[in-house]
Amino acid sequence: MLKRWSAAVLGSVLLVSTLSACGGENASDSSSPGAAKGDGKITMGFAQVGAESGWRTANTKSIQDAATAAGIDLKFSDAQQKQENQIKAIRSYIAQKVDVIAFSPVVESGWDTVLKEAKDAKIPVILTDRAVDSKDTTLYKTFLGSDFVVEGKKAGDWLVKEYQGKTDPVNIVELQGTTGSAPANDRKSGFADAIKAAPNMKIIASQTGDFTRAKGKEVMEAFLKANPKIDVLYAHNDDMALGAIEAIEAAGKKPGTDIKIISVDAVKDGMTALAAGKINHIVECSPLLGPQLMDLAKKVVKGETVEPRILTVETEFTPEQAKAALPDRKY
Ligand code: GZL
């Protein structure tokens, strides 16, 4: 069962938006493998999920730019959304004796063995973006990222408010993220809990679109064929929502009007569709984790203790807010 992280549960949660990478020499102790190099420079091995969405691209850029700014030597791998590739990458970082390993677990389960190998090699691990369901929390130093249950709840709360006072049945279709991933599991549960407040709301179809536009379009086409009356689409990310918009328009319907759309992420393309009224509401999930990650890496390599759970600060957007935010949007 996924550990339900939430600010209420973890009193010691540190709420930060973006920390600038701290400067200063790496004082990695002799226990960390990288210290053997003796050049004082931290080497990080980062095992990325893939390049499946606009969010992921922005996340990768944030990590790479922050590593450069922090003077951290970054070894980076793209797992093409396959867990076995991430595990291979982590094993290669252990063999290379990096000072610290960070990764965004593509799915929640199946990490204990490789994380134990990192622990035995005395290489600290930082989880970013997505969580793992390991019972042994000594296998990683901290988890930096969003609370996806809260994101799902925000989406559901908005929808309930949007239909306040209406009693007609509201048929919802749901495009889930990658099967088995923390964001898919938690955005689904947070949303389902929130819409319990409106007994006329029903999820009539729910299927993974794997966080990609192509799959989101394909699944939405199937939803449209199988369900004559769809009132709302809840997409676990903007890329799937944008793919679904193509399917909705091809079916001669108006996205945002005939079918209301709620999404998560708030990447530029999603915000553009929101400003144009094709999406009705977006819950933000910030990919800009790089600076915080590098700051944490320097601390764990020095052997400092860090908060076990670090939440990113996020908001949500209406079409009007999207119009105002777009000119300065970084991603
Ligand atoms: C969420 C992240 C998800 C995004 C998707 O933190 O893991 O993965 O919501 C991305 O866009 O593919």
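Refer to the structure printed above.
Predicted model only: the values in this text are computed from it and were never measured.

*Asks:* How would you explain the pattern of salt bridges if you had to name every residue and give the values?
*Replies:* Within this structure, the stated rule accounts for 20 salt bridges. The salt bridge partner of Arg187 is Glu151, with a shortest N-O separation of 2.8 Å. Pair noted here: Arg187 is in helix 5 (residues 182-195) and Glu151 is in helix 4 (residues 148-162), with a separation of 36 residues, a long-range link. Classification of Arg187 as buried rests on a relative accessible area of 3%. For Glu151, a relative accessible area of 1% corresponds to the buried category. For Arg213, the salt bridge goes to Asp239, with nearest N and O atoms at 3.6 Å.

*Asks:* Explain the site of the ligand residue by residue, including any values.
*Replies:* Around the ligand, the surrounding shell holds 13 residues, and the nearest of these are Glu52, Asp129, Arg130, Arg187 and Asp265. With respect to the ligand, the side chain of Glu52 contributes an N or O atom lying 2.5 Å from an oxygen atom. Within the side chain of Asn237, one N or O atom sits 2.9 Å away from an oxygen atom of the ligand. Within the complex, the protein chains bury 100% of what would otherwise be the 310 Å² of accessible surface of the ligand. According to the grid-proximity analysis, the pocket containing the ligand is the largest cavity. When residues of the shell around the ligand are traced back to their parent elements, those giving at least two are helix 1 (54-70) and helix 5. Each residue belonging to the shell around the ligand can be placed in one class, and the counts come to five nonpolar, two polar and six charged. Two domains share the shell around the ligand, each providing at least three of its residues, namely domain 1 (14-146 + 286-313) and domain 2 (148-285).

*Asks:* Break down the environment of Gln321 for me, with residues and values.
*Replies:* Considering the arrangement of structural elements, one finds Gln321 in helix 10 (residues 319-325). Take Gln321: its relative accessible area is 39%, and that puts it in the partly exposed class. Residues Gln321 and Leu274, spaced 47 residues apart in sequence, show a C-alpha to C-alpha distance of 9.2 Å. At 2.8 Å, the side chain of Gln321 and the backbone nitrogen of Thr318 are in polar contact.

*Asks:* Now, about the side chain of Thr128: what can you tell me, with residues and values included?
*Replies:* Mapped onto the fold, Thr128 is located in strand 5 (residues 125-128). Setting aside anything within four residues of it in sequence, one finds Thr128 in contact with Phe46, Ala102, Phe103, Ser104, Pro105, Phe143, Leu144, Leu289 and Leu293.

Definitions and limits used
- Residues numbered from 1 in each chain as written.
- Predicted model: local features only at pLDDT ≥ 70, side-chain atom pairs only at ≥ 80, totals over all residues.
- Heavy atoms only, no water.
- Salt bridge = Lys/Arg side-chain N within 4 Å of Asp/Glu carboxyl O.
- Helix = DSSP H or I, 4+ residues; strand = E, 2+ residues; numbered from the N terminus.
- Buried < 20%, exposed > 50% of the residue type's maximum accessible area, 1.4 Å probe, protein only.
- Near = heavy atom within 4 Å.
- Polar contact = N/O pair within 3.5 Å; in protein donor to acceptor, adjacent residues only side chain to side chain.
- Areas by Shrake-Rupley, 256 points an atom, 1.4 Å probe, with all protein chains shown as cover.
- 1 Å grid on protein atoms, 1.4 Å probe; cavity = no way out; pocket = protein on both sides within 12 Å on 5 of 7 lines; lining within 4 Å.
- Sits in = over half its atoms within 2 Å of the grid points.
- Nonpolar A, V, L, I, M, F, W, Y, C, P; charged D, E, K, R; others polar.
- Domains from an automatic or database assignment.
- Contact = heavy atoms within 4.5 Å.

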